[in-house]
Amino acid sequence: MASLNVGSLGEYIREQRRNAQYSLRQLAEAAGVSNPYLSQIERGLRKPSAEILQQIAKALRISAETLYVQAGILEERRGEGLELRASILADPLINEQQKQALLAVYDAFLKENAALRGAVADAEPATDTATPTDGSAT
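Residues numbered from 1 in each chain as written. Predicted model: local features only at pLDDT ≥ 70, side-chain atom pairs only at ≥ 80, totals over all residues. Heavy atoms only, no water.

## Brief notes about the environment of E96
Thought 1: Among the structural elements, E96 can be located in helix 7 (residues 96–123).
Thought 2: The spacing of E96 and R61 is 35 residues in sequence and 8.7 Å in space, taken between C-alpha atoms. (Helix = DSSP H or I, 4+ residues; strand = E, 2+ residues; numbered from the N terminus.)

## A short note on the confidence of the model for the chain
Thought 1: For the chain, mean pLDDT is 80; residues scoring 70 or higher make up 77% of the total.
Thought 2: Every residue in residues 128–132 is under pLDDT 50, and counting partners more than four places away or in other chains gives one contact. (pLDDT = per-residue confidence, 0-100. Contact = heavy atoms within 4.5 Å.)

## Things to note about the pattern of salt bridges
Thought 1: Applying the stated criterion to the full structure yields four salt bridges.
Thought 2: Across the pair R17 and E42 runs a salt bridge, and its minimum N-O distance is 2.6 Å. A residue pair is termed long-range when its members are at least 10 positions apart, and R17 in helix 1 (residues 6–19) and E42 in helix 3 (residues 35–42) qualify at 25 residues. This pair shows no difference in class: R17 is buried, exactly as E42 is.
Thought 3: One connected set of salt bridges, linked through shared partners, spans R14, R17 and E42. (Salt bridge = Lys/Arg side-chain N within 4 Å of Asp/Glu carboxyl O. Buried < 20%, exposed > 50% of the residue type's maximum accessible area, 1.4 Å probe, protein only.)

## Considering unusual backbone geometry
Thought 1: The phi angle at Q21 is positive, at roughly 60°, despite the residue not being glycine.
Thought 2: A relative accessible area of 66% places Q21 in the exposed class.
Thought 3: A positive phi angle is found at R61, which is not glycine, with a value near 60°.
Thought 4: Relative to the assigned elements, R61 resides in the loop between helix 4 (50–60) and helix 5 (64–71).

## Some remarks on helix 5
Thought 1: Extensive coverage of helix 5 is indicated by the burial of six of its eight residues.
Thought 2: Within helix 5, the full set of buried residues consists of A64, T66, L67, Y68, V69 and A71.
Thought 3: Two residues or fewer after helix 5 comes G72, characterised by a positive phi angle close to 85°.

## Regarding the environment of E42
Thought 1: According to the relative accessible area criterion, E42 is buried, its value standing at 4%.
Thought 2: Each C-alpha atom, one on E42 and one on I13, is 6.4 Å from the other, the two residues being 29 residues apart in sequence.
Thought 3: When sequence neighbours within four positions are dropped, the list of residues in contact with E42 reads G10, E11, I13, R14, R17 and L24.

Below you can see the structure in the form of structure tokens.
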């Protein structure tokens, strides 16, 4: 498990809180943590547990995985669209319902593409590299 990157985690949470137009007090209440504790997290003075990160993520309407990656608990998986998801959720120009609709469409595309990749892999014939037994060239 990677060490917690507390400084940048706190900065990231503060940025997401501001993008969501929450005060520190509002986010603390929504996440079920104390105002001083959240302030300490944002300033990089405290290392929140995975459970607290999950509560903060839920209050900010971002994926907990995004915060786990920021905290260094998880390594970012390539191709998972974390930056895209974070950008959509942080966009102040669209409302929450529109954000969730965009994420649902994106997830549907990912699921469809994964299914297509699986179907293509199943349908691909094995390549035969053996030479013909009758001696003819191919």
